[in-house]
Structures are given as structure tokens and as C-alpha cells.
Amino acid sequence: MTTAQDLIDQDHLVMFSKTWCSYSNVAKSALNSIGAQYTVYELNEMDNGGDIQNQLSKISNISSVPQVFLNGKYLSDGSGTKALVKSGKLQNILKDASLL
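Description of the structure in this document.

Cut-offs applied
- Residues numbered from 1 in each chain as written.
- Predicted model: local features only at pLDDT ≥ 70, side-chain atom pairs only at ≥ 80, totals over all residues.
- Heavy atoms only, no water.
- Phe/Tyr/Trp six-rings, centres within 6.5 Å; stacked < 30°, edge-to-face > 60°.
- Helix = DSSP H or I, 4+ residues; strand = E, 2+ residues; numbered from the N terminus.
- Buried < 20%, exposed > 50% of the residue type's maximum accessible area, 1.4 Å probe, protein only.

**With respect to the packing of aromatic side chains**
We describe a pair of aromatic rings using the distance from one ring centre to the other and the angle between the two ring planes. Per the counting criterion, the structure on display carries 3 aromatic pairs. When the centroid spacing of 5.5 Å and the interplanar angle of 25° are considered together, the rings of Phe 16 and Tyr 41 count as stacked. Remark: Tyr 41 occurs in strand E2 (residues 39-42) and Phe 16 occurs in strand E1 (residues 13-17); sequence separation between them is 25 residues. Both residues of the pair, Phe 16 and Tyr 41, count as buried. Taking the centre distance of 5.7 Å and the plane angle of 75° together, the rings of Phe 69 and Tyr 74 count as edge-to-face. Relative accessible area serves as the criterion here: at 29%, Tyr 74 is assigned to the partly exposed category. Here the aromatic cluster, defined as three or more aromatic residues joined through ring pairs, consists of Phe 16, Tyr 41, Phe 69 and Tyr 74.

In C-alpha cells, the structure reads:
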């Protein structure tokens, strides 16, 4: 069975989202606006999405989506991702990691 950690470890920049979540859409728009390459997992479209979300809450101590991970570590939620892009900090972080 695939775990949340397995999914986090599959790419450098990973987002867990729900298709209907406005905060998830904010985070996706922010990442797309800077041309970030990332993997998104839509929990509401996954057979084990509920289990993955429960596992995420143990990893990040956050039970909601979106959750964005960079190089295996929790980075931010939707509003935080938007703020990181607006400030230019996320672009610098991704450039430093050779991901942008």
C-alpha cells in the first residue's frame, strides 16, 4: 500500500490537494505563476485519499489541504504558498534547489 511518505518522496515538489478546495486552487495558481514543476495528488480522487490525508496530519501536524512539500519536508499551505511566491522567497528556494 502506498503511503503519504512514499508519495512525498516521489518528487522534489509535491502538493496534496482536493479538486474542490479553493485554498488548493490558490496554491496551484501560485506555483503555476512561477512555472514551478510539481506533482499534485488530488485526495478526493484517490481510493485511499482519506488514509493519505490522515497520514499527512501525522507528518505535518496539519489536517487540511493543501499541503506542499519540498524535498520531503512540509513547506506550506495554500495561503503560505501564495505569500512565499508574492515575496519571491519560494522562487529563491526553488532556484537554490535547482528546481526553477
